[in-house]
Amino acid sequence: MPVVVTVVEVMDETPTVKTLRFDRKFTILPGQFCMVWVPGIDEVPMGFSSPDMITVQRVGEATQALISLSIGSKIGIRGPLGNGFSPQGRVLAIAGGVGVAPLYPLAVNGSVDTFILGARTEAELIFADSLMDLTDLKIATDDGTAGHHGFVTGVLDEQIDLLSYDTICVCGPEMMMKGILNRLSDAGIADRGQFSLHRYMKCGVGVCGSCAMDPDGLCVCRDGPVFTGDQIINSEFGSYARDASGQRKRV
Amino acid sequence: MITLQKELVHVGGVTLDNHLILAAGVLGTTGASLFRMLRQGAGGVVTKSIGPNPKEGHAGPCLVPLERGLLNAMGLPNPSKNFLQELEPLAGKPVVVSIFGGKPDEFRTVASWFEGVAAGYELNLSCPHAEGYGAAIGSDPAMVRACTEEVAAFGMPTWVKLTPNVTDIGTIGRAAEEGGATALVAINTVRAMRIAIDLRRPVLGNRFGGLSGAMIFPIALRCVYDLYEACSIPIIGCGGVSSAADVIEMMMAGASAVQIGSAVYDDSSVFGSIADVLYSTDGVSASGIVGCAHE
Ligand SMILES: Cc1cc2nc3c(=O)[nH]c(=O)nc-3n(C[C@H](O)[C@H](O)[C@H](O)COP(=O)(O)OP(=O)(O)OC[C@H]3O[C@@H](n4cnc5c(N)ncnc54)[C@H](O)[C@@H]3O)c2cc1C
Ligand SMILES: Cc1cc2nc3c(=O)[nH]c(=O)nc-3n(C[C@H](O)[C@H](O)[C@H](O)COP(=O)(O)O)c2cc1C
Ligand code: FES
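Chain B appears in an unreviewed UniProt entry as Dihydroorotate dehydrogenase from Methanocalculus taiwanensis. Listed in UniProt under the heading Function (unreviewed entry), the comment for chain B reads: "Catalyzes the conversion of dihydroorotate to orotate."

Following this line, the structure appears as C-alpha cells:
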C-alpha cells in the first residue's frame, strides 16, 4: 500500500519546477524513484531528489496538481523503486533540466567529482547553488544566459576529458542522453555510462509491462531506471517509446 | 514431491514447450517482453488483452502490491490493431492472443486481425474492472456462448478465460464449451478493493479492481475443481501459482497446464525457477495426475 505523507515544505526552483519536502525520509539509493499518488488524479513516477523530497516539473495534469499543493497536503508514495546509480571511481554527472533531480542525491553524498548542469536559460537552472559547493560545476544554457552557450554536449566536447572518468551518470531529455551515449560509444567506453531512462509507467514494479523496451524486454521500472550505455546502445532508446496504450511514438 | 517428465504439451489445440504459461496482462504489452518470458522458460505466453480500439487504461494508482498478492485495475490498456507489429518477431512461437470486446461481433473483429498470426485465441470474458467488458459479459451464459461461437468459427484454438466472480462457474464453463471453446482458463482476478485510511479513499484510481497472486490460489483451485466436474474440455489453471507444488496441486484438481502472472513480482525469472523443481528425468507424465483428486 502507498505510504501517505504530508507536504511540509514547498520550494520554488524555476517558474515551472517546485520541490516538495514531506514528513518522512525514505531509505534511498541515488537514482531510485517512487510512484507519487496525487489523490483523485493519477499516480506518476518521480525520482527522489533527497530521501524526503521530489522535484516536479509541470507538464500535465498530475504534475500541475503536485506543484499546486500547499503545506499540509497529503499524497501517497510507493517506493523507493528501481535500481539507482552505482558510481565507482571518478564520477562525472550530466543533467539536463529536471533530470538533475535523481542526480542531486549523488552529489550530496559526495560521489560526484564534476557536474555538468544544463537548462534552456539561467532562470531554469535547478540546484545550481548547492551543486557549486558540492562539485566542480560546469553550466550550459541553450540561450547563453549562463555558462557555456549551447548544450551540455558542447561542454563535454570542449572542456572534459571523458576517459579520465570511471562512471558517467546522466539524466535528461532522451536526445541529450543519446548524444552523450554516442560520444561514450565513440570513445569505446559506453559501459562507463549510467543513464536514467524515462518510459511510461503504470505499475512501477515490473508486472504490467508498460515500460518494457525493445529488443530485450528490459523493464525501466524494475531493471532500471538506470542502465549502462552498453545495455541500451542497440535498443529503442533514442528512437521511439510507447504511450499509455502501448502504441509507439518517436522520442 | 512428485515431479513431471519434460514433454511437449498439447492443450486445447495449442502446442507448448512445457506446462507453464505466462498469464494475460502480465509483461504482455510488447513482443520483446513476451519473448523475454519465453527465453526465461515459459512454455507459452498469452498477450495483454487486445480490444477493438486503443485504450489508455484507468488513472493510477492502477496496481498496488499487498502481502502475498497484487490488487490491480489497469483498465485494459492496449494498442489495439497496432499490436500486430509487436508479434512480428514472435512468428512461430507459442503465443496466444488474448482478446476482449463489448459484444460478440467485436470479439470477431479483433480475432480476425490475428488469424494465422497467433497460435490461438484466449477470450477475456472475465476482467472484473472494465465497464461493459470482460466479467460484465462473462457472467451471462448466453453471452459467453455467443462470443465463443464468433471466435471459434475461425477454426483456431479458442481458449475461454472465466471469472470466479459468479455463483456457479460450471454453468459458464459449459456455455463456453457449447460455444466451441477448445479449453477453459480459470481464473481471472477476484473482485477486491483497499482503502488508504489516511486519505479516506479507495487506493485504486478506479476505486475497485481485481486481486491476484498467492492469496487467491485456493479460490482458483476450487474453480478448476468445479470445472473439471462440469465440463469435458481441458482446463488451464490460473491464479496464485508460484511454486512447483502449486502446479502439481492445480493438476490434481483437473488442470492440464497452468498460467502464471503475479508471481513475476517476487521472482522475475519465476518460470525457470519453477521448471527447475517441477521437471526431472524420472518424473511422471502429467496425464497420470490430472484430475486425480476427483477419484
Ligand atoms: C523513473 C522516472 C523518474 C522521473 N522523475 C521525475 C522527476 O524527478 N521530476 C519530474 O518532474 N518528472 C519526472 N519524471 C517524469 C514524470 O513522471 C512525468 O512528467 C509525469 O508523469 C507527467 O504526468 P502529467 O499528468 O503531469 O502529464 P501528462 O499530461 O499525463 O503527460 C505528459 C507526458 O508526461 C509523461 N508521462 C505521463 N504519465 C506518465 C507515467 N505514468 N509514466 C511516465 N511518464 C509519464 C509522458 O511522456 C507524457 O507524454 C520521471 C519519469 C520516470 C519514468
Ligand atoms: C497487472 C495485471 C494485468 C492483467 N491483465 C489481464 C488482461 O489484460 N487480460 C486478462 O484476461 N487477464 C489479465 N490479468 C489477470 C491474470 O491474467 C490472471 O488471471 C490473474 O492475475 C490470476 O493469476 P496470478 O495470480 O498468477 O496473477 C491481469 C493481472 C494483472 C496482475
Ligand atoms: S511500469 Fe509496469 S512493468 Fe514497468
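Chemist: Describe the overall build of chain A, naming the residues involved and giving the relevant values.
Modeler: Check the secondary structure of chain A and you find 6 helices and 17 strands. Against the globule reference of 18 Å for 251 residues, chain A gives a C-alpha radius of gyration of 17 Å, in line with a compact fold. Seen along its three principal axes, the alpha-carbon backbone of chain A occupies a region of about 45 × 40 × 30 Å. Counting every position in chain A, which comprises 251 residues, the buried fraction comes to 59%.

Chemist: Let's hear about the pattern of salt bridges: which residues, and what values?
Modeler: Overall, the coordinates contain 21 salt bridges over all chains when judged by the stated rule. Its salt-bridge partner being Arg120 of chain A, residue Glu124 of chain A comes within 3.3 Å of it at the nearest N-O pair. Classification of Glu124 of chain A by relative accessible area gives partly exposed; the value is 23%. Two residues, Arg108 of chain B and Glu150 of chain B, come together in a salt bridge whose shortest N-O distance is 2.9 Å. Here Arg108 of chain B, found in helix α3 (residues 104–113), pairs with Glu150 of chain B, found in helix α5 (residues 141–152); they are 42 residues apart in sequence, far enough to count as distant. Classification of Arg108 of chain B by relative accessible area gives partly exposed; the value is 38%. Salt bridges sharing common partners tie together Glu174, Arg199, Asp214, Glu236, Arg242 and Arg248 of chain A together with Glu86 of chain B.

Chemist: Outline the site of ligand 1, listing residues and values.
Modeler: All names here are of chain A. Not every one of the 19 residues close to ligand 1 is listed here, only the nearest: Pro45, Thr55, Gln57, Thr63 and His198. Between ligand 1 and Gln57, the relevant distance is 2.8 Å, taken from an oxygen atom to a main-chain nitrogen or oxygen of the residue. Within the backbone of Glu61, a nitrogen or oxygen atom sits 3.4 Å from an oxygen atom of ligand 1. Taking 860 Å² as the accessible area of ligand 1 by itself, protein coverage stands at 78%. Those elements that place two or more of their residues in the shell around ligand 1 are β4 (42–50), β5 (53–57) and α1 (61–67).

Chemist: Just give me the short version of the sheet that holds strand β5 (residues 63–66) of chain B, but keep the residues and values in it.
Modeler: Residues and elements named next belong to chain B. Ordered by their spatial adjacency, 4 strands build an open sheet running β5-β6-β14-β11, and the pairing between neighbours is antiparallel. Strand pairing shows two members of the sheet lacking a second neighbour, β5 and β11 (190–192), which therefore form its edges. Averaged over all neighbouring strand pairs, the angle between strand axes comes to 30°, with direction disregarded. As judged from the 3 bridges shared by strand β6 (residues 69–72) and strand β14 (residues 209–212), these two strands associate in the antiparallel manner. Bridge assignment links Asn72 to a residue of β14, and that residue is Gly210.

Chemist: Would you mind going over the site of ligand 2 in detail, with residue names and values included?
Modeler: Residues and elements named next belong to chain B. In the region of ligand 2, 22 residues are neighbours, and Ala24, Ser49, Lys161, Gly240 and Ser262 sit closest. Contact distances for ligand 2 include 3.2 Å between a nitrogen atom and a side-chain N or O atom of Asn124. A distance of 2.9 Å is found between an oxygen atom of ligand 2 and a backbone nitrogen or oxygen belonging to Gly261. Taken by itself ligand 2 offers 610 Å² of open surface, and the protein chains cover 98% of this. Its residues assigned to classes, the shell around ligand 2 comprises 8 nonpolar, 12 polar and 2 charged.

Chemist: Before we move on, could you go through the sheet that holds strand β15 (residues 226–228) of chain A and cite the residues and values that matter?
Modeler: Reading across from one edge, β10-β9-β8-β7-β11-β12-β15 (chain A) is the order of the 7 strands in this open sheet, with mixed pairing throughout. Each edge of the open sheet is held by one strand with a lone partner, namely β10 (148–149) and β15 of chain A.

Chemist: Now, about the environment of Ala24 of chain B: what can you tell me, with residues and values included?
Modeler: Residue and element names in this part refer to chain B. In this fold, Ala24 is placed in the loop between β3 (20–22) and α1 (31–39). For Ala24, a relative accessible area of 17% corresponds to the buried category. Each C-alpha atom of the pair Ala24 and Thr47 lies 5.2 Å from the other, and the pair is 23 residues apart in sequence. Apart from the residues lying within four places of it in its own chain, the contact partners of Ala24 are Val46, Thr47, Ser98, Glu122, Lys161 and Gln259.

Chemist: Give me the lowdown on the layout of surface pockets, citing residues and values where you can.
Modeler: Residue and element names in this part refer to chain B. If you add up the space inside the second largest pocket, you get close to 670 Å³. What lines the second largest pocket is a set of 42 residues, and nearest its centre among them are Val26, Thr189, Ser212, Gly261 and Ser262. When residues in the lining of the second largest pocket are grouped by element, the largest group, 3 residues, is from β6.

Chemist: Account for the confidence of the model for chain B, naming residues and giving values.
Modeler: Note that predicted coordinates carrying low pLDDT should not be read in detail. On average, residues of chain B score 95 in pLDDT, and 97% of them reach the 70 mark or higher. Overall fold confidence (pTM) sits at 0.97, and the ipTM for the predicted complex is 0.95.

Chemist: An account of the side chain of Lys48 of chain B is requested, with residue identities and associated values reported.
Modeler: All names here are of chain B. Tracing the backbone shows Lys48 in the loop between β4 (44–46) and β5. Buried within the structure, Lys48 lacks any salt-bridge partner; Glu122 is the closest side chain of opposite charge, at an N-O distance of 11 Å. Apart from residues lying up to four places away in sequence, Lys48 is in contact with Gly25, Gly28, Thr29, Met74, Leu76, Pro77 and Ser98.

Chemist: Can you tell me about the packing of aromatic side chains, naming the residues and giving the values?
Modeler: Counted under the stated rule, the structure contains 7 aromatic pairs over all chains. Aromatic side chains Phe195 of chain A and Phe237 of chain A sit 6.2 Å apart centroid to centroid with 55° between the ring planes, which places their arrangement in the tilted category. Residue Phe195 of chain A is located in strand β12 (residues 193–196), and its partner Phe237 of chain A is located in the loop between α6 (229–232) and β16 (240–242); the two are separated by 42 residues in the primary sequence. Each member of the pair, Phe195 of chain A together with Phe237 of chain A, is buried. Where Trp113 of chain B meets Phe114 of chain B, the ring centres are 6.4 Å apart and the plane angle is 65°; that geometry is what we call edge-to-face. Per residue, the accessibility class of Trp113 of chain B equals that of Phe114 of chain B, and both read buried. Members of the aromatic cluster, joined through ring pairs, are Phe22, Phe26 and Phe48 of chain A. Its guanidinium or amino end placed over the ring of Tyr165 of chain A, Arg90 of chain A lies 4.4 Å from that ring's centre, counting from NZ or CZ.

Chemist: Quick one: what's the story with helix α8 (residues 244–253) of chain B, residue by residue and with numbers?
Modeler: Every α-helical turn comprises 3.6 residues, leaving residues that sit three or four positions apart pointing alike. Residues and elements named next belong to chain B. Within α8, 7 of the 10 residues are buried, which leaves it mostly tucked inside the rest of the structure. Of the positions making up α8, those classed as buried are Ala244, Asp246, Val247, Ile248, Met250, Met251 and Ala253. Looking at the buried residues of α8, the elements they touch are β3, α7 (217–230), β15 (235–238), β16 (255–260) and α9 (270–278). Gly254 occupies a position one or two residues after α8 and carries a positive phi of about 135°.

Conventions and cut-offs
Residues numbered from 1 in each chain as written. Chains lettered and ligands numbered in written order. Predicted model: local features only at pLDDT ≥ 70, side-chain atom pairs only at ≥ 80, totals over all residues. Heavy atoms only, no water. UniProt positions renumbered as here; feature names shortened; annotations may be inferred. Helix = DSSP H or I, 4+ residues; strand = E, 2+ residues; numbered from the N terminus. Rg over C-alpha atoms; globule rule 2.2 N^0.38 Å. Buried < 20%, exposed > 50% of the residue type's maximum accessible area, 1.4 Å probe, protein only. Salt bridge = Lys/Arg side-chain N within 4 Å of Asp/Glu carboxyl O. Near = heavy atom within 4 Å. Polar contact = N/O pair within 3.5 Å; in protein donor to acceptor, adjacent residues only side chain to side chain. Areas by Shrake-Rupley, 256 points an atom, 1.4 Å probe, with all protein chains shown as cover. Pairing = 2+ DSSP bridges. Axes fitted to C-alpha atoms, helices over the stretch in contact; angles between N-to-C directions. Nonpolar A, V, L, I, M, F, W, Y, C, P; charged D, E, K, R; others polar. Contact = heavy atoms within 4.5 Å. 1 Å grid on protein atoms, 1.4 Å probe; cavity = no way out; pocket = protein on both sides within 12 Å on 5 of 7 lines; lining within 4 Å. Points joined across faces, edges and corners; volume = space filled by probe spheres on them. pLDDT = per-residue confidence, 0-100. Lys, Arg positive; Asp, Glu negative; His and termini not counted. Phe/Tyr/Trp six-rings, centres within 6.5 Å; stacked < 30°, edge-to-face > 60°. Lys NZ or Arg CZ within 6 Å of the ring centre and 35° of its normal.

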